[in-house]
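# Inside the fold
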Amino acid sequence: MSDPVRLLLADDHPVVRAGLRAVLDTEPGFRVVAEAARAEDAVRIAATEPLDVVLMDLQFGPGRMHGAEATAAIAGREGAPRVLVLTTYDSEADILAAVEAGASGYLLKDAPPEELAAAVRTAAAGRSALAPAVAHRLMGRMRAPGEALSRRELEVLRLVGDGLSNLQISKELFLSQATVKSHLVHIYAKLGVDSRTSAVAAATARGMLRR
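Cut-offs used in this document
Residues numbered from 1 in each chain as written. Predicted model: local features only at pLDDT ≥ 70, side-chain atom pairs only at ≥ 80, totals over all residues. Heavy atoms only, no water. Axes fitted to C-alpha atoms, helices over the stretch in contact; angles between N-to-C directions. Helix = DSSP H or I, 4+ residues; strand = E, 2+ residues; numbered from the N terminus. Parallel < 35°, antiparallel > 145°, perpendicular 65-115°, else oblique. Contact = heavy atoms within 4.5 Å. Nonpolar A, V, L, I, M, F, W, Y, C, P; charged D, E, K, R; others polar. Salt bridge = Lys/Arg side-chain N within 4 Å of Asp/Glu carboxyl O. Buried < 20%, exposed > 50% of the residue type's maximum accessible area, 1.4 Å probe, protein only. Phe/Tyr/Trp six-rings, centres within 6.5 Å; stacked < 30°, edge-to-face > 60°. Lys NZ or Arg CZ within 6 Å of the ring centre and 35° of its normal.

Right, let's get into the packing of helix 7 (residues 151-161) against helix 9 (residues 177-191). Running from amino to carboxyl end, helix 7 crosses helix 9 at an angle of 95°, the nearest separation of the two axes being 10 Å. Between helix 7 and helix 9, the angle falls in the class roughly perpendicular. For the pair helix 7 and helix 9, contact is made by Arg152, Glu153, Val156, Leu157 and Val160 and by Val180, His183, Leu184, His186, Ile187, Lys190 and Leu191, respectively. Class assignment for the residues of the contact of helix 7 with helix 9 results in seven nonpolar, two polar and three charged.

Written out as C-alpha cells, the structure reads:
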C-alpha cells in the first residue's frame, strides 16, 4: 500500500477547515496532518512537518500575510510540498499572483468533493491542477496577449480601485510616479478607456479584478 498524501489545511475560517477535513478524511490515501488559521503559521508548519500538499486560501484577514506570499515562501524551499490554492476568487489578478508565486494548482471553493480530491492527487503527483474557469482565463490571456494586463499592471489597477493616488501607489509598490503613470497609460490603451474609474470598471467587468 502506498503512503498517504499528507495535507495541511490553511484557511482562517474554522468552518471551512472542518468542512475540508470532513471531505478529505473520507478519501482513501489522504491524511490531514495539520491545520493553520494564519498564512504565517502555514509557512512555519510547512518548513517543519513532512507534507505533500498544502491547501492554501488567499485571504487571511486585514494585516495578515496573503496566501500568495505564503505560497511563495513555501514553494521556494528545496523539497517543499506542493501548494494548491483553494479560494473563492477567480480574478486574473489573484490567479496570476498565485501561479507566479509557485502554486501547483488553483481551485475554487465551490468545486465538488470529487474535483477537490482529484486536484489534490494531481498536485501531489507534481502536475498542474487548475479549475476549468481558471484554465479558461489563462487560455484567454494566451489567445489575446495584446489585451492582457501584466501582473504589475493588475497590481497598479487594483490599488487604483482601492482609491490610492499615484503617489501612494508608487510608495506601495516601490515604483517612481513616472513608472506608475506609464503603467496607467498602457492599461488605458489595452482596456480602451480614458480614466481611472473606467479602467477599474472595465477590468472588473472582464474578470481581471475582484468584484
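From this point, things continue past the structure.
As a further point, take the pattern of salt bridges. Here the structure, examined in full by the defined rule, presents 16 salt bridges. In this structure, Asp57 and Lys109 form a salt bridge, with 3.4 Å as the shortest nitrogen-oxygen distance. A residue pair is termed long-range when its members are at least 10 positions apart, and Asp57 in the loop between strand 3 (53-56) and helix 3 (67-75) and Lys109 in the loop between strand 5 (105-108) and helix 5 (113-124) qualify at 52 residues. In this structure Lys109 comes out as partly exposed when scored by relative accessible area, which is 29%. Its salt-bridge partner being Arg151, residue Glu100 comes within 3.1 Å of it at the nearest N-O pair. Highlighted residues: Glu100 in helix 4 (residues 92-101) and Arg151 in helix 7, separated in sequence by 51 residues. By relative accessible area, Glu100 is classed as exposed at 52%. The exposure class assigned to Arg151 is partly exposed, which follows from its relative accessible area of 27%.

What follows is about the packing of aromatic side chains. Applying the stated criterion to the full structure yields zero aromatic pairs. One Lys or Arg, Arg210, reaches over the ring of Tyr89 and ends 3.5 Å from the middle of that ring.

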